[in-house]
Amino acid sequence: MPRLVCSLLLLLATHGTLIAQEAETTPKQRMFEYLAWADARYQKDDATESDFFNLSQVYLSLRLRLGARWMILSETEYEHEPGFADQPADDKVFLERLFVEYRRSATARFRVGRVSTPAGIWKPIHWDITVDTIAEPIMEDNGYIPTNTTGLEFKGTRIVPSGEWEYTVIVGEAVQDDDENARPLDDAAAAGGDLRFTYKERHLMGASVYGYRNPIGFDTRVLGFQGFYESRFLDNRLIFRAESLWLDRRDRDKDITTFYTKLKYRLTPKHYLNYRYEQGDDEESLRAEKRRATTLTWGYWPTRQWRLKAEFTTNRFAGESGPDYNRWSLWTGFVFP
Amino acid sequence: MKSILLLLLFLLPVNPDAVYVVVTAQATPIDQLTAWQLKQIYFGKLDKLRGTRLQALQLTQDDPLRRQFDSDILGDQADIQDYWLQQKLKGDARPPLTVRDWALLAAYIRRNPGYIGYIPMKRLNEQQGLKVIDITMD
C-alpha cells in the first residue's frame, strides 16, 4: 500500500498543474493537491503507572481535480500502536477514505466511495490535527456510529437571510473502524441523514440519524440518533458545544446513551483552553458501564503548521466497572505543506 | 452605531496601501453585496447569485491588501486557517484563486464577468472595465 501511494503521488506530481501566473484570460486552478500531517503522543495513566510515547499517525490526503465539477480524493493513514506488556507494537497502513465527487454547485454535491459518515459535529472533523482535545469523547472512542461509510452521499445547502441549512443523506455500508475495540462489521447495510442550521454564523443546531444492519453474529440492527448544538460568542473566542447520542440496539436489552458538553476559550490567537464534561455507556473501549470524564486541554498553535496540546483527564466509573484513573497526555502535530 | 463605526474608521490610522474597494466586471449584474454574502463567496459556500456564476480572487498571503481584506471580511487569521484546514481534510475546500498582484487580479476580473476581487482604492481610476460593488454591513 505505501509503495502504491508513493507511485501514485509521483505520477500525479509530474502531471500536476500549478497556479498560472502569466497574463492569461483566467488564472488556473491547481489540478493536483496534497495535504499530509503527522503527530506524536505521550500519555501516562496513574491507575496502572503505564506510559507510552510514540509517533502515532501519518496521514496523506491526495486530491485530483478534473475540471470544475469532478474530484477524486484519497486519504491513507499509517498508524503505529505502541507495545504494552505482552502485546507487541503494531504498524498499520490503511485506506481511510476514497471517493469520487461530482459538484453540481457550491450548494449541491454527490460523493461515491468511502466517505466520512455525516453525523454530528465531531465526526466530520475527527482528525487529531483539527479537534481541540487529545482524548476522544466517549461516543467517538466507542465507534457507536462508524467513522466512515462506503456508498452514495448527497449534500445540499440552502442559504437563507438568517443563515444556512445543510442536509446530507447517505446509503451504503457501514465501515468497521480500524480499531481493535470496534465491533466487527461485514456487509452492514447502512443509511443515514444529517440536518443542521447555522443561524447568523454563531449558532449551530442539528440532528443526525444513522442505522445499519450487521449480519454478523446476532444480525444486529442499530439505529442511532444524535443531537448537537454549538454557539460562539465574543467574536468566536468563546465556544459552547453539546452533543448527545442515543443508540437503539435491537439485539440487546440495553440501549446506549452518551453525551458531552464543552467550553472552549481562546486566550490569544494562538492559545486556548478547552473544558469537556461527558458521561455515557462505554461498552467497547473500556468495557465499562457508565463512565464520567472531565477533560481539560491547553492548546497552542505556534505556527500555521505546528500544533501542541497538553491535557489532563479524570475518569470515574459506575459500579464495579473498573478503577477510576487520571491521565496526562501531551501531543504534537505538524501539517504539510 | 453604524455612524460611530464610520467615524472611527476615519479617525483610526489607516495604511493607505491597505485601503481597498471590491470590484467586478462591468458586465456582472451585481452592484451590491452584504458583508456576509461576500464572506460566503470567499469561503466557497456561495458561487451563484442572480443567475451569475461567481468566482472569488485574492492576493498572496503576504500582501497588506489581502491581510486587511481578510481581517475586515473573513475574520481572525486563526479562524481562517482552522476553517481551510478542516475544509481541505473534508474535501470541501474551494478557496479563492490566488493572484500575485492587484494589476493581474484586475485584468482577470475585467475579462471574466462573475469574478470578484479587491484592488487598492487609489488605483481605481486607472482601471477601465471595472465597477465597484457596494458592500453593506449586515
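Residues numbered from 1 in each chain as written. Chains lettered and ligands numbered in written order. Predicted model: local features only at pLDDT ≥ 70, side-chain atom pairs only at ≥ 80, totals over all residues. Heavy atoms only, no water.

### Here we look at the interface of chain B and chain A
Each partner contributes to the interface: chain B provides 32 residues, whereas chain A provides 47 residues. Around 3,400 Å² of area is buried between chain B and chain A when both sides are counted, 48% of it from carbon and sulfur atoms. The three residues of chain B that bury the most area against chain A are Trp36, Leu89 and Arg94 of chain B, which together make up 21% of that side's buried surface. Summed over the shared surface of chain B and chain A, the result is nine salt bridges. Notably, a salt bridge pairs Asp79 of chain B with Arg266 of chain A, separated by 2.1 Å at the nearest N-O pair. Counting across the interface, chain B meets chain A through 13 residue pairs in polar contact (both at pLDDT 80 or more). Those elements that provide at least two residues to the side of chain B that touches chain A are helix H2 (35-42), helix H4 (77-90), strand S6 (97-99) and helix H5 (102-111) of chain B. Here the element with the most residues in the side of chain B that touches chain A is H4 of chain B; it accounts for nine residues. (Contact = heavy atoms within 4.5 Å. Buried area = accessible area lost by both parts, 1.4 Å probe. Salt bridge = Lys/Arg side-chain N within 4 Å of Asp/Glu carboxyl O. Polar contact = N/O pair within 3.5 Å; in protein donor to acceptor, adjacent residues only side chain to side chain. Helix = DSSP H or I, 4+ residues; strand = E, 2+ residues; numbered from the N terminus.)

### Some details on the nonpolar core
Among the nonpolar cores identified, the biggest contains 37 residues, and Leu33, Leu38, Tyr42, Leu57, Phe69 and Ile116 of chain B are the most heavily contacted of them. Of all the elements in the fold, those that place two or more residues in this core are strand S1 (20-25), H2, strand S5 (55-59), helix H3 (64-74), H4, S6, H5 and strand S7 (115-120) of chain B. In terms of residues, this core owes the most to one element, H5 of chain B, which gives five residues. In this structure Tyr42 of chain B touches Ala56, Leu57, Gln58, Phe69, Leu74, Trp84, Pro96, Ile116, Gly117 and Tyr118 of chain B, once residues within four positions along its chain are discounted. Judged by nonpolar contacts, the second largest core, of 20 residues, contains Trp122, Ala174, Ala188 and Leu245 of chain A. (Core = buried A, V, L, I, M, F, W, Y, C linked by side-chain atoms within 4.5 Å. Buried < 20%, exposed > 50% of the residue type's maximum accessible area, 1.4 Å probe, protein only.)

### Some points on the pairing of strand S13 (residues 271-282) of chain A
Residues and elements named next belong to chain A. In terms of strand pairing, strand S12 (residues 256-266) meets S13 through nine bridges, oriented antiparallel. Across the sheet, the residue bridging to Tyr265 is Leu273, located in S13. Joining the antiparallel neighbours S12 and S13 is a turn of four residues. (Pairing = 2+ DSSP bridges.)

### A look at H4 of chain B
Residues and elements named next belong to chain B. Taking 1.5 Å of rise per residue, the 14 residues of H4 would be expected to cover 20 Å, and the 20 Å separating its terminal C-alpha atoms lies within 8% of that figure. Within H4, the full set of buried residues consists of Ala78, Asp79, Ile80, Tyr83, Trp84, Leu85, Gln87, Leu89 and Lys90. With a side-chain oxygen positioned 2.9 Å from the backbone nitrogen of Ala78, the residue opening H4 is Asp76. Positive phi appears at Gly91, one or two residues downstream of H4, with a value of about 85°. (Expected span 1.5 Å × (residues − 1).)

### So, the packing of aromatic side chains
Under the counting rule described, the total for this entry stands at 23 aromatic pairs over all chains. Of the aromatic side chains, those joined through ring pairs into one cluster are Tyr20, Tyr42, Phe69 and Tyr118 of chain B. Directly above the ring of Tyr272 of chain A sits Lys264 of chain A, whose terminal nitrogen or CZ lies 4.6 Å from the centroid. Just above the ring of Trp331 of chain A sits the side chain of Lys309 of chain A; from NZ or CZ to the centre is 4.3 Å. (Phe/Tyr/Trp six-rings, centres within 6.5 Å; stacked < 30°, edge-to-face > 60°. Lys NZ or Arg CZ within 6 Å of the ring centre and 35° of its normal.)

### Observations concerning the confidence of the model for chain B
Detailed reading of the predicted coordinates is not advisable wherever pLDDT falls low. All names here are of chain B. In the predicted model, chain B carries a mean pLDDT of 86, and 86% of its residues have values of at least 70. This stretch, residues 1-13, has a pLDDT under 50; its non-local contacts, to residues over four places away or in other chains, come to two contacts. Of the two predicted TM-score estimates for the complex, the pTM is 0.84 and the ipTM is 0.84. (pLDDT = per-residue confidence, 0-100.)

### Focus: H3 of chain B
Residues and elements named next belong to chain B. Looking at H3, one finds that the buried residues are Leu65, Arg66, Phe69, Asp70, Ile73 and Leu74. Within H3, the buried residues cover an arc of 130° as seen down the axis, which keeps them to one side. Elements in contact with the buried residues of H3: S1, H2, S5, H4 and S7. Where H3 begins, the side chain of Asp63 points an oxygen toward the backbone nitrogen of Leu65, at a separation of 2.8 Å. Following H3 by one or two positions, Gly75 adopts a phi angle in the positive range, close to 115°. (Arc of directions from axis to C-beta.)

### Notes on the sheet that holds S1 of chain B
Residues and elements named next belong to chain B. Within the open sheet, the five strands sit side by side as S6-S5-S7-S1-S8. Their pairing is mixed. Edge positions in the sheet fall to S6 and strand S8 (130-132), since each has one partner strand and no second. With strand direction ignored, the average angle separating the axes of adjacent strands in the sheet is 35°. With five bridges connecting them, S1 and S7 associate as antiparallel partners. Paired with Val21 across the two strands is Ile119, which belongs to S7. Here H2 sits on the sheet and contacts S1, S5 and S7; the angle it forms with S7, its principal contact strand, is near 110°. Contacting S1, S5, S6, S7 and S8, H5 runs over the sheet at an angle of about 145° to S7. (Axes fitted to C-alpha atoms, helices over the stretch in contact; angles between N-to-C directions.)

### Things to note about the pairing of strand S9 (residues 203-214) of chain A
Residues and elements named next belong to chain A. In this structure, strand S8 (residues 189-199) lies alongside S9, joined through eleven bridges in antiparallel fashion. Paired with Arg196 across the two strands is Gly206, which belongs to S9. Two strands pair when backbone bridges link them, and S9 and strand S10 (residues 220-233) are joined in this way by twelve bridges, in the antiparallel orientation. Directly across from Ala207, in S10, lies its bridge partner Gly227.

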